[in-house]
Amino acid sequence: QVQLVESGGGLVPPGGSMRLSCAVSGSIWKIFDMAWYRQPPGKERELLARISGGGSADYAESVKGRFTISRDNSRNTVYLQMDNLKPEDTAVYYCNADITVPTSRAKSAYWGQGTQVTVSP
């Protein structure tokens, strides 16, 4: 069974920084793209950043220049460094990964449980 476990959320003041981590564990054949999403209160989930296995990254305009996605393939972990945080960044943050497992080479999307990030004085 594949699990994505996020860590690093909490309360941060405006202008502050925070780093989220998401570790993938379980029976894994290969991890392809990894990504971070967020869901603000009362809104739909939105894609923030995506990174390929080779390290190529893309960002939503709302976070470009403030957020940085990275990954450590040796640890099956993806990170989201968030700088210059704003109150509108308050949301539940989710990691996502496209993974194949040994019993099936079909790629499937897996999600973390979500971690709350609150930006407030």
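Each chain carries its own residue numbering, running from 1 in the written order of its sequence. Given that the model is predicted, a residue must reach a pLDDT of at least 70 before its local features are reported, and side-chain atom pairs must reach 80 or more before they are shown or counted; all residues, however, enter totals for whole chains, interfaces and linings. Calculation of side-chain values draws on the structure's entire complement of heavy atoms; hydrogens and water are dropped beforehand.

*Asks:* Looking at this structure, I do not really get unusual backbone geometry. What am I missing?
*Replies:* One can expect most non-glycine residues to show negative phi and most peptide bonds to be in trans. Within the chain, Asn-76 stands out as a residue other than glycine whose phi angle is a positive 50 degrees. Strands are runs of DSSP state E lasting at least two residues, helices are runs of H or I lasting at least four, and both sets are numbered from the N terminus onward. Following the sequence through the fold, Asn-76 ends up in the loop between strand E7 (67-72) and strand E8 (77-82). Backbone geometry at Asn-84 places phi at a positive 50 degrees, although glycine is not the residue there. Summarising the element assignment, Asn-84 is placed in the loop between E8 and strand E9 (91-101).

*Asks:* Would you mind going over the environment of Gln-1 with me for this structure?
*Replies:* Mapped onto the fold, Gln-1 is located in the segment before strand E1 (3-7). Buried, partly exposed and exposed residues are distinguished by accessible area as a fraction of the type maximum, computed with a 1.4 Å probe on protein chains only: under 20%, between the cut-offs, and over 50%, respectively. On the basis of relative accessibility, which here comes to 81%, the residue Gln-1 falls in the exposed class. Put simply, Gln-1 and Glu-61 are 60 residues apart on the chain and 34 Å apart in space, counted from C-alpha to C-alpha. The contact rule is simple, with two residues in contact once any of their heavy atoms fall within 4.5 Å. Those residues in contact with Gln-1, other than ones at most four positions away along the chain, are Ser-25, Gly-26 and Ser-27.

*Asks:* Just checking my understanding: could you explain the state of the cysteines for this structure?
*Replies:* Note: disulfide means a covalent bond formed between the sulfur atoms of two cysteine side chains. The disulfide definition used here is simple: a pair of cysteine sulfur atoms within 2.5 Å. Tallying each qualifying case throughout the model produces one disulfide. The partner cysteine of Cys-22 in its disulfide is Cys-95, sulfur to sulfur 2.0 Å. Across the disulfide from Cys-22 to Cys-95, rotation about the S-S bond amounts to roughly 50 degrees, and the bridge is consequently right-handed. With a gap of 73 residues between them, Cys-22 in strand E3 (residues 18-25) and Cys-95 in strand E9 connect regions that are remote in the sequence. On the basis of relative accessible area, Cys-22 is assigned to the buried category, the value being 0%.

*Asks:* What is the right way to read the pattern of salt bridges from this model?
*Replies:* Where charged atoms from two side chains of opposite charge approach closely, those side chains can pair. Definition used for salt bridges: Asp or Glu carboxyl oxygen within 4 Å of a side-chain nitrogen of Lys or Arg. With the rule as written, the count across this model stands at seven salt bridges. Put simply, Lys-64 and Glu-61 hold a salt bridge, and the shortest N to O gap is 2.8 Å. Residue classification places Lys-64 among the partly exposed positions, given a relative accessible area of 46%. Taken together, the shared-partner salt bridges in this structure form one network comprising Arg-38, Glu-46, Arg-66 and Asp-89.

*Asks:* I tried to follow the sheet that holds E8 on my own but got confused; where do I start?
*Replies:* Strands pair in a sheet through their backbones, by hydrogen bonds, and they do so in one of two ways: parallel or antiparallel. Only strands that DSSP links by at least two bridges are regarded as paired with each other. The sheet built from four strands is open, its strands ordered E1-E3-E8-E7 with antiparallel pairing. Each edge of the open sheet carries a strand with a single partner, namely E1 and E7. The mean angle between the axes of side-by-side strands here comes to 15 degrees, regardless of whether they run parallel or antiparallel. Where E1 and E3 come together, five bridges link them in antiparallel fashion. Bridging from a neighbouring strand, Val-5 pairs with Ala-23 of E3. Only C-alpha atoms enter the line fits that serve as axes; for helices the fit covers just the stretch in contact. Angles between N-to-C directions range over 0 to 180 degrees.

*Asks:* Where do I start with the packing of aromatic side chains in this structure?
*Replies:* How two aromatic rings sit relative to each other is given by the distance of their centres and the angle of their planes. Aromatic rings from Phe, Tyr and Trp, taking only the six-membered ring of Trp, are treated as a pair when their centres fall within 6.5 Å; an angle between ring planes under 30 degrees marks them as stacked, one over 60 as edge-to-face, and anything in between as tilted. For the structure shown, the criterion picks out one aromatic pair. The aromatic ring of Tyr-94 is capped on one face by Arg-45, whose charged end is 3.7 Å from the ring centroid. For Arg-105, the ring lying beneath its charged end belongs to Trp-29, and the centroid distance is 3.8 Å. For a ring to carry a charge above it, either NZ of a lysine or CZ of an arginine must fall within 6 Å of the ring centroid while also lying within 35 degrees of the normal to the ring plane.

The analysis is restricted to geometry; functional conclusions fall outside its scope.
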